[in-house]
Amino acid sequence: MSKMKTNRGAAKRFRRTAKGGFKRAQSHLNHILTKKKSKRKRQLGLTLQVDAADVKSVRRMLPYS
């Protein structure tokens, strides 16, 4: 049986945590930053956990992580 392929887009966006979950970055922090408040930009810079409803699909995209 051949090896499964990793979804390369998902590999760049998600990282495995020590407890088996996945962490991710938030969107909307690349451009048009002048109209966004400092508080909003600061909070968008934080990392979050992938929601429990999405962990199954992320795990399928990253079979060897």
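Because the structure is predicted, anything quoted here is derived from the model rather than measured.

Asks: Just checking my understanding: could you explain the sheet that holds strand S1 (residues 14-16) for this structure?
Replies: Either a parallel or an antiparallel arrangement is found when strands of a sheet pair, and the pairing is made through backbone hydrogen bonds. Strand order in the open sheet formed by 3 strands is S1-S2-S3, and the pairing between neighbours is antiparallel. Edge positions in the sheet fall to S1 and strand S3 (48-49), since each of these pairs with one other strand and no more. Relative to S3, strand S2 (residues 22-24) runs antiparallel, the two being bridged by 2 bridges. Within the sheet, the bridge partner assigned to Arg24 lies in S3 and is Leu48.

Asks: Looking at this structure, I do not really get the nonpolar core. What am I missing?
Replies: Generally speaking, nonpolar side chains in soluble globular proteins are found buried as a group. Counting residues in hydrophobic clusters, the biggest one holds 8 residues: Ala10, Ala11, Phe14, Phe22, Val50, Val55, Val58 and Leu62. Every residue in contact with Phe14, bar those within four places of it in the chain, is listed here: Phe22, Lys23, Arg24, Val50, Val58, Met61 and Leu62.

Asks: Quick question: what am I supposed to make of the side chain of Lys36 here?
Replies: By secondary structure assignment, the location of Lys36 is in the loop between S2 and helix H2 (38-44). Of the buried charged residues, Lys36 lacks a salt bridge, with Asp54 as the closest side chain of opposite charge at 21 Å. If near-sequence neighbours (up to four positions away) are discounted, Lys36 is found in contact with His28, His31 and Lys41.

Conventions we followed
- Residues numbered from 1 in each chain as written.
- Predicted model: local features only at pLDDT ≥ 70, side-chain atom pairs only at ≥ 80, totals over all residues.
- Heavy atoms only, no water.
- Pairing = 2+ DSSP bridges.
- Helix = DSSP H or I, 4+ residues; strand = E, 2+ residues; numbered from the N terminus.
- Core = buried A, V, L, I, M, F, W, Y, C linked by side-chain atoms within 4.5 Å.
- Buried < 20%, exposed > 50% of the residue type's maximum accessible area, 1.4 Å probe, protein only.
- Contact = heavy atoms within 4.5 Å.
- Lys, Arg positive; Asp, Glu negative; His and termini not counted.
- Salt bridge = Lys/Arg side-chain N within 4 Å of Asp/Glu carboxyl O.

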